[in-house]
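Here is what each chain is made of, one letter per residue.
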Amino acid sequence: ENSNDLSGRRIVISAGGTREAIDPVRYIGNHSSGKQGYALARTAAARGAQVTLVAANVSLPDPAGVEVVPVTSAVELGEAVQERRSGADAVVMAAAVADFRPSSSVGSKIKKSGGEPVPIGLAENPDILAELVRTRPERAPGQTVVGFAAETDDVIANGRAKLERKGCDLLVVNQVGQGRAFGTDDNQAVILGTGGSATEVPNGPKEDLADRVWDLVVERLTG
Ligand code: C5P
């Protein structure tokens, strides 16, 4: 690490958490801070990569030398990532993408209803990571696609199943719950790879986990 081993590489990273509009003033969101994605962007840039960071609702300073593309919703994030993935050596989906969005976009603020229930219908969002894999350009050595997953239990077994389902090359599996991961500066994870590899990363700064991810990406790219 901290060598220039990502020099000449182009990398796209998504970070943060999407917001799905209920009406002009309300949204469905999540607790993602964007810190892990930003740590990935900083470390990749430090290792010489040309980095595009698609940032969903993150209130962190732009990393130096990184192109930051702000987005709000899952659909916007998907479009921004797909538009920029062509020619990239790696795409890392660190963002927490909402699985659902309100199905009807309401143009004006929903009024109180005198105690009556207010149903919000939900439509499924596209699985951006799975789409990246499905539409991956066929070229050697290919584009490395990395996903993230948060699991509360059976971390390895659930992670393996998710890696297979999504079809990505690497899956960074966090154990969540008990106040872990969200918004903190530290993270602990196991990085699963196709072919059965499992790299355990002990609890430490999010930069350390990011550097382990890049080590594995470099390994794949240099083959
Ligand atoms: O299925 P799950 O949400 O646990 O998968 C998490 C991974 O999939 C993350 O890398 C996340 O960025 C990505 N994802 C996505 N599109 C979605 C949901 C999740 O790309 N609609």
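Scoring rules and cut-offs
- Residues numbered from 1 in each chain as written.
- Predicted model: local features only at pLDDT ≥ 70, side-chain atom pairs only at ≥ 80, totals over all residues.
- Heavy atoms only, no water.
- Helix = DSSP H or I, 4+ residues; strand = E, 2+ residues; numbered from the N terminus.
- Expected span 1.5 Å × (residues − 1).
- UniProt positions renumbered as here; feature names shortened; annotations may be inferred.
- Buried < 20%, exposed > 50% of the residue type's maximum accessible area, 1.4 Å probe, protein only.
- Contact = heavy atoms within 4.5 Å.
- Core = buried A, V, L, I, M, F, W, Y, C linked by side-chain atoms within 4.5 Å.
- Pairing = 2+ DSSP bridges.
- Axes fitted to C-alpha atoms, helices over the stretch in contact; angles between N-to-C directions.
- Near = heavy atom within 4 Å.
- Polar contact = N/O pair within 3.5 Å; in protein donor to acceptor, adjacent residues only side chain to side chain.
- Areas by Shrake-Rupley, 256 points an atom, 1.4 Å probe, with all protein chains shown as cover.
- Nonpolar A, V, L, I, M, F, W, Y, C, P; charged D, E, K, R; others polar.

To continue, consider helix α1 (residues 35-46). With twelve residues, α1 should cover 16 Å at 1.5 Å per step; its first-to-last C-alpha distance of 16 Å lies within 8% of that length. One or two residues past the end of α1 sits Gly48, with phi positive at roughly 100 degrees.

Within this structure's numbering, the places UniProt gives as "binding site: CTP" (unreviewed entry) are Asp99, Lys109, Pro126, Asp127, Ile128, Leu129, Phe148, Lys162 and Lys166. Sequence-wise these annotated residues cover 68 residues; spatially they are dispersed, their C-alpha atoms as much as 37.9 Å apart. Residue Leu129 is classed as buried on the basis of its relative accessible area of 6%. For Leu129, the contacting residues outside a window of four places in its chain are Met93, Val145, Val146, Gly147, Lys166 and Cys168. Mapping Lys166 onto the fold places it in helix α4 (residues 155-166). Setting aside residues no more than four positions away along its own chain, Lys166 makes contact with Asp127, Leu129, Ala130 and Val133.

One finds Ile13, Leu40 and Trp214 to be the most contacted residues of the largest nonpolar core, which totals 33 residues. Those residues in contact with Trp214 that sit more than four places away from it in its chain are Leu6, Ile11, Ile13, Leu40, Thr43, Ala44, Arg47 and Val92.

The next thing to look at is the sheet that holds strand β4 (residues 50-56). Overall, mixed pairing links the eight strands, which are arranged β5-β4-β1-β6-β9-β10-β11-β12 in an open sheet. The open sheet has two edge strands with one neighbour each: β5 (67-71) and β12 (198-205). Averaged over all pairs of adjacent strands, the angle between their axes in this sheet comes to 20 degrees, without regard to strand direction. Pairing of strand β9 (residues 144-151) with strand β10 (residues 170-175) involves six bridges; the strand directions are parallel. Bridge assignment links Phe148 to a residue of β10, and that residue is Val172. Contacts from α1 reach β1 (10-16), β4, β5, β6 (90-93), β9 and β11 (186-193) within the one sheet, and its direction differs from that of β4 by about 170 degrees. Each of β1, β4, β5 and β6 touches helix α2 (residues 74-85); the most contacted strand, β1, lies at about 170 degrees to it.

We now examine the site of the ligand. Within the structure, the ligand sits among 13 residues, and Met93, Ala95, Leu129, Phe148 and Lys162 are positioned closest to it. Within the backbone of Ala95, one N or O atom sits 2.7 Å away from an oxygen atom of the ligand. Contact with the protein chains hides 86% of the accessible area of the ligand, taken as 450 Å² for the molecule alone. Counting only elements with at least two residues in the shell around the ligand, the list comes to α3 (128-134), β9 and α4. Of the residues in the shell around the ligand, the class split is eight nonpolar, one polar and four charged.

Attention shifts here to unusual backbone geometry. One non-glycine residue with positive phi stands out, namely Asn57, at about 60 degrees. Note on placement: Asn57 falls in the loop between β4 and β5. Unlike most non-glycine residues, Asp154 shows phi in positive territory, near 45 degrees. The topology assignment puts Asp154 in the loop between β9 and α4.

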